[in-house]
Amino acid sequence: MSYKTQSYANTAVSVIKNLEKRNMSGYYCETAKEARELVKQLIPAQATVTNGGSETLEETGIMELIQSPDYQFIDRKAAKTPEESRMLYGKIVTADYFLTSANAITLDGELINVDGNGNRVACLIQGPSHVLVIAGMNKVVPTQEDGIRRVRNIAAPPNAIRVGAQTPCTKTGLCNDCQSPDCICCHTVITRHSRHKGRISVILIGEEYGF
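About the criteria used
- Residues numbered from 1 in each chain as written.
- Predicted model: local features only at pLDDT ≥ 70, side-chain atom pairs only at ≥ 80, totals over all residues.
- Heavy atoms only, no water.
- Core = buried A, V, L, I, M, F, W, Y, C linked by side-chain atoms within 4.5 Å.
- Buried < 20%, exposed > 50% of the residue type's maximum accessible area, 1.4 Å probe, protein only.
- Helix = DSSP H or I, 4+ residues; strand = E, 2+ residues; numbered from the N terminus.
- Contact = heavy atoms within 4.5 Å.
- Pairing = 2+ DSSP bridges.
- Salt bridge = Lys/Arg side-chain N within 4 Å of Asp/Glu carboxyl O.

Enquirer: Could you clarify how one ought to interpret the nonpolar core in this entry?
Expert: Side chains of nonpolar character tend, in soluble globular proteins, to be buried together. By size, the foremost hydrophobic cluster in this structure holds 24 residues, and its most contacted members are Ile 105, Leu 111, Val 133, Ile 200, Val 202 and Leu 204. Those elements that provide at least two residues to this core are α1 (3–21), α5 (82–92), α6 (119–125), β7 (130–136) and β10 (200–205). The element contributing the most residues to this core is α1, with five residues. Once residues within four sequence positions are removed from consideration, Val 202 is found in contact with Leu 19, Ser 25, Gly 26, Tyr 27, Ile 105, Leu 111 and Val 133. Residues Ala 32, Leu 57, Leu 65 and Tyr 97 belong to the second largest nonpolar core, which totals 21 residues.

Here's what the structure looks like:
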């Protein structure tokens, strides 16, 4: 175990303790491989599973895992028309498991997410029976303020490039607090407590993933 990995593990202990006081479950996995195995343990076979847009899920191989025949995967990209999209969203919000990442997680156990359309944060807040939040330790920040700064200046610019948004940050690399038609920072949600115990579980990985 490297010095950095040991430091991540130590930090995760504190974050998990604070998640639990907020009625959320927390887990720490040293590697993405361990995280995939944990996801297998947490999601029963043939459960309905869906996801929010997440580079972390792709990079860790968890996206490939939940698309396997072991689960009934609801593909949020399958809709071809607005009406199909609306019908599909009805299935997504009633899924057994919703997987996503977080834009930032504070040391005190708060989840910070900024969304464009709002579908990702909507399912985090309400709908699917269980939510699994998978995040590399690079997403952990000291405070809410640090989390918002992280989202705007570290996560949003590359994410805007990923989705082809024509926003100022794709050119400058920094948040311009824009009101662009393509703005992906429309909804800010801070989850400071889960009313339903056991609904939200956070899997921290001792590696760096996502934006």
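Resuming the write-up.
Enquirer: So what exactly am I meant to see when it comes to the sheet that holds strand β8 (residues 140–141) here?
Expert: In a beta sheet, neighbouring strands are held together by backbone hydrogen bonds and run either parallel or antiparallel to one another. Ordered in space as β8-β5-β6-β9, the four strands form an open sheet in which the pairing is mixed. Looking at strand neighbours, the two that pair on one side only are β8 and β9 (187–191), the edges of this open sheet. Pairing of strand β6 (residues 111–115) with β9, which is carried by five bridges, proceeds in the antiparallel orientation. Across the sheet, Val 114 pairs through a bridge with Thr 188, a residue of β9.

Enquirer: Looking at this structure, I do not really get the pattern of salt bridges. What am I missing?
Expert: In a structure, side chains of opposite charge can pair up when their charged atoms sit close to one another. Inspection of the entire model under this criterion finds eight salt bridges. As a salt-bridge pair, Arg 22 and Asp 108 come within 2.7 Å of each other at their nearest N and O atoms. One end of the pair, Arg 22, is in the loop between α1 and β1 (25–29); the other, Asp 108, is in the loop between β5 (104–106) and β6, with 86 residues separating them in the sequence. Looking at Arg 22, the relative accessible area reads 8%, which means it is buried. Across the pair Asp 115 and Arg 120 runs a salt bridge whose closest N-O atoms are separated by 3.6 Å. Given the relative accessible area of 9%, Asp 115 is considered buried. Classification of Arg 120 as buried rests on a relative accessible area of 9%. What emerges from the salt-bridge pattern is a single network uniting Lys 21, Arg 22, Asp 108 and Glu 110.

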